[in-house]
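Observations on the three-dimensional arrangement
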Amino acid sequence: PWRMFHTLRADDPVHWQPEPEPNSGFWALTRHADIVAVDRDPETFTSSRFTNLEEVDDSQIAIRRSMLETDGMRHVALRRLLQKQFTPRAIADYGTFLRGLTARTLDNALHKGTFDFVHEVSADFPINVLARMLDVPDSDTEKLIDWGNRIIGNTDPDYADVLLESAESEQYRDLPFRSPASLEVFAYGRELAEKRRGGDGTDLVSRLVNQTPSDGVPLSQRDFDNYFLLLVVAGNETTRHAISHTMLALMQHPEQMARLRDDLALMPDAVEEFLRWASPVYHFRRTATRDTELGGKRIREGDKVVLWFASGNRDEAVFEDPYRFDVTRKQVDHVTFGKGGPHFCLGNALARLEMRIMFEELLPRIADIKLAGPVSRVRSNFVNGIKELPVTVTLA
Ligand code: HEM
């Protein structure tokens, strides 16, 4: 998509795209500045009409609404329930656990020599971290991984069985993602909630069920279900793809990989470049709440406005030589997690720490790592994903 984004930024940065169906067109925002402006203005550009490109009717919105699709006071109240658990300081407490998990994951994978990096390293790593934050036994992580994979509503043909099954069946109309797996996730979440209600646990579920939101309105069963589901899906595929893209970029730029290995102190800034480069989430969507103007175009109330984060991350007005991967780039002002708005990724500090530790542990262990076959990508307009990344490793 990079060429198309490039052309749009240059020629028509606030572009009306009439497709895919009549009356379901959208505004495509491709410049960094416009993306940030809209992300910062939830009163004019609401998330409450849903945040993906897909057309969703009112009844579906009501069923599927989580904090991501809530604005205003209620959004603040929902977010506050877990905000403290995701601050950089709180996340730092997981440092030792993360390093241990990373070391185990890498030691299992690297001795295989040639293997699929996605399958062996990136795929299960984020959900294992979440399992720890939910304080569930290791034996349950396989289930969480499986649900996470089955729920992601992308358009990749490899997931077609799940999508077809769920889209065609009325029985799943009442479910977010219309996926049978979400029923299993709900049942699992509710069981955890029951066990932890009234207890003094510090895990995410205990925090959710034992606090009253700051607006005084308790979590309904549906609120809890969708909150729990959001936690299971939000950090799973995104962080996985961020790690895989970074591995690919480092293999394509061996001199940069060597540079980093020689000076691991570069890592905190390099992670920001990894995130800019990877852009695992292509877009989120807003809906205009009133008539307004953007880049000289008239936006009407009800119009869909799509923030193409991936394009903002290649904006030449912000990044010098944006198509160059450069681990020494400073102050990388990316929009990978959104920017400046109320929905700014809650898990950003966690994702950053996971990536940092992953590559701090990986680089010293290897003398060389090379692509060992074709890279296959996820087909989706939402996640920029890598499905398979065959590599050959020479140990250090
Ligand atoms: C929101 C990206 C990892 C939890 C978001 C948003 C983006 C995003 C673009 C919306 C921002 C906006 O509209 O302004 C990513 C990427 C990740 C990642 C690229 C990995 C590299 C995580 C992790 C978690 C997480 C690890 C935690 C489990 C959330 C939640 C929201 C969110 C709960 C909704 C926040 C709200 O509505 O207030 N993320 N995310 N994310 N993310 Fe992440």
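As a starting point, this report considers the structure included with it. It should be emphasised that the depicted structure is a prediction, and the values quoted were computed from it without experimental measurement.

Regarding the pairing of strand E12 (residues 390-395)
- Of the strand pairs in this sheet, strand E4 (residues 114-116) and E12 are connected by 3 bridges, and their pairing is antiparallel. Note that in E12 the partner of Thr 114 across the bridge is Thr 392.
- Note that strand E9 (residues 366-371) and E12 share 5 bridges and pair antiparallel. By the bridge assignment for E12, Ile 366 is matched with Leu 395.

As for the packing of helix H11 (residues 180-196) against helix H13 (residues 221-234)
- Packing of H11 against H13 brings their axes to within 9 Å, and their N-to-C directions diverge by 110°. Here H11 lies roughly perpendicular to H13, going by the angle between them. Where H11 approaches H13, its residues Ser 182, Val 185, Phe 186, Tyr 188, Gly 189, Arg 190, Leu 192 and Ala 193 are matched on the opposing element by Gln 221, Phe 224, Asp 225, Asn 226, Phe 228, Leu 229 and Val 232.
- Looking at the contact of H11 with H13 residue by residue, the class counts come to 9 nonpolar, 4 polar and 2 charged.

What to know about the layout of surface pockets
- Put simply, the second largest pocket is a space of about 760 Å³.
- As for the second largest pocket, its lining consists of 32 residues, and the residues nearest its centre are Ala 123, Asp 124, Phe 125, Asn 128 and Ile 145.
- Where the lining of the second largest pocket is concerned, the elements lending two or more residues are helix H6 (95-110), helix H7 (117-122), helix H8 (125-134), helix H9 (141-151), helix H14 (236-252) and strand E11 (386-388).
- Broken down by element, the residue count for the lining of the second largest pocket peaks at 5 residues, all from H6.
- Of the residues in the lining of the second largest pocket, the class split is 12 nonpolar, 7 polar and 13 charged.

With respect to unusual backbone geometry
- For Asp 135, which is not glycine, the phi dihedral falls at a positive 60°.
- Among the structural elements, Asp 135 can be located in the loop between H8 and H9.
- Overall, Asp 135 belongs to the partly exposed group, its relative accessible area being 49%.
- Located in the positive-phi region is Gln 331, a residue other than glycine, with phi close to 45°.
- With respect to the helices and strands, Gln 331 occurs in the loop between helix H17 (309-312) and helix H18 (348-365).
- Given a relative accessible area of 75%, Gln 331 falls into the exposed group.

Focus on H9
- Within H9, the full set of buried residues consists of Thr 141, Leu 144, Ile 145, Trp 147, Gly 148 and Ile 151. End-on, the buried residues of H9 take up no more than an arc of 165°, which puts them together on one face.
- Turning to H9, the residues buried within the fold contact H8, H11, H13 and H14.

Focus on the coordination of the iron atom of the ligand
- Just one protein ligand coordinates the iron atom of the ligand, and it is Cys 345 (SG) at 2.3 Å.
- For Cys 345, the position within the fold is in the loop between H17 and H18.

What about the packing of aromatic side chains?
- This model, assessed by the stated rule, comprises 12 aromatic pairs.
- Ring plane angle 15° and centroid distance 6.3 Å describe the contact between Phe 274 and Phe 325, whose orientation is recorded as stacked. Residue Phe 274 is located in helix H16 (residues 267-278), and its partner Phe 325 is located in the loop between H17 and H18; the two are separated by 51 residues in the primary sequence. Comparing Phe 274 with Phe 325, the two get one shared label, buried.
- Cluster of aromatic residues (ring-pair linked, three or more members): Trp 147, Tyr 188, Phe 224 and Phe 228.
- Cation over ring: Arg 276 sits above Phe 319, and NZ or CZ is 5.1 Å from the ring centre.

Calculation criteria
- Residues numbered from 1 in each chain as written.
- Predicted model: local features only at pLDDT ≥ 70, side-chain atom pairs only at ≥ 80, totals over all residues.
- Heavy atoms only, no water.
- Pairing = 2+ DSSP bridges.
- Helix = DSSP H or I, 4+ residues; strand = E, 2+ residues; numbered from the N terminus.
- Axes fitted to C-alpha atoms, helices over the stretch in contact; angles between N-to-C directions.
- Parallel < 35°, antiparallel > 145°, perpendicular 65-115°, else oblique.
- Contact = heavy atoms within 4.5 Å.
- Nonpolar A, V, L, I, M, F, W, Y, C, P; charged D, E, K, R; others polar.
- 1 Å grid on protein atoms, 1.4 Å probe; cavity = no way out; pocket = protein on both sides within 12 Å on 5 of 7 lines; lining within 4 Å.
- Points joined across faces, edges and corners; volume = space filled by probe spheres on them.
- Buried < 20%, exposed > 50% of the residue type's maximum accessible area, 1.4 Å probe, protein only.
- Arc of directions from axis to C-beta.
- Donors = N, O, S within 2.8 Å, 3.2 Å for Na, K, Ca; no water.
- Phe/Tyr/Trp six-rings, centres within 6.5 Å; stacked < 30°, edge-to-face > 60°.
- Lys NZ or Arg CZ within 6 Å of the ring centre and 35° of its normal.

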